[in-house]
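Geometric and topological summary
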Amino acid sequence: MFNLILFGPPGSGKGTQSENILKAYKLVHISTGDLLRDEVGRGTPLGKEAKKYMDQGFLVPDEVVIGMISSKIDERPDARGFIFDGFPRTKAQAEALDKLLEFKNTQIHLVLSLEVPEAELITRLVKRGETSGRSDDNEEVITKRIKEYYAKTEAVAGHYDAQGKLERMKGDNSIEDTFRQLTKEIDKYLLPA
Ligand code: ADP
């Protein structure tokens, strides 16, 4: 099994690159943003709770997100590996994920961090907001999401750097160039399927 975290601030291209990677390597995609939006869309109790945080650009509480991840991993015992997108987003989530995977006799192998300047992030997210229909893609909430990233999420990079698993790369080249850079790193562990 090969488990990858795609890491980076909101708007860094994690969603786009996850799609490309999971197709090439046949990994199972776990995006907490997508899972949470699905819960919100279905109006579940979890979704109602999460929406309060999401609409303000805050992170949803750790225990809500960690529970959701655990059941998603259990749904796919046949997986070649997982690609985590938008998770872990706090040090507590990273520690919980490490424990969860250890319990399943596996681990995170690689963390690829997409680095994009803040002005470019805001431009991308405002543009996405014109068509995404996402209630958190407006300039006020975007600024708050980026603040949350630097306050709480950036520490996750340090957590995996200490384990020797972190690779930083430029995320503001073209989609194709960025994908090529990412595959160069992944190929050291797993070849395309
Ligand atoms: P982004 O475009 O900012 O990467 P996502 O689609 O991953 O956004 O997530 C949207 C929102 O969902 C976040 O701003 C946050 O409120 C919530 N969320 C997503 N993943 C997590 C997580 N791992 N922990 C806490 N909150 C999360």
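These lines cover the structure that appears in this document, whether it is placed above or below.

The rules behind the values
Residues numbered from 1 in each chain as written. Predicted model: local features only at pLDDT ≥ 70, side-chain atom pairs only at ≥ 80, totals over all residues. Heavy atoms only, no water. Axes fitted to C-alpha atoms, helices over the stretch in contact; angles between N-to-C directions. Helix = DSSP H or I, 4+ residues; strand = E, 2+ residues; numbered from the N terminus. Parallel < 35°, antiparallel > 145°, perpendicular 65-115°, else oblique. Left-handed = near helix turned anticlockwise from the far one by under 90°. Contact = heavy atoms within 4.5 Å. Nonpolar A, V, L, I, M, F, W, Y, C, P; charged D, E, K, R; others polar. Salt bridge = Lys/Arg side-chain N within 4 Å of Asp/Glu carboxyl O.

**Structural notes on the packing of helix H1 (residues 14–25) against helix H8 (residues 175–186)**
Two elements in contact, H1 and H8, have axes whose closest approach is 10 Å; the angle formed by their N-to-C orientations is 50°. Classified by the angle their axes make, H1 and H8 are oblique. Judged by the twist between their axes, the crossing of H1 over H8 is right-handed. Every residue of H8 that contacts H1 at Thr16, Gln17, Asn20, Ile21, Ala24 and Tyr25 is listed here: Ile175, Thr178, Phe179, Leu182, Thr183 and Ile186. Of the residues in the contact of H1 with H8, the class split is seven nonpolar, five polar and no charged.

**Side note on the pattern of salt bridges**
Under the criterion given, the structure shown has 20 salt bridges. For Lys51, the salt bridge goes to Asp55, with nearest N and O atoms at 2.4 Å. Residue Arg76 pairs with Asp78 through a salt bridge whose shortest N-O separation is 3.4 Å. Taken together, the shared-partner salt bridges in this structure form one network comprising Arg128, Arg134, Asp136, Asp137 and Arg145.

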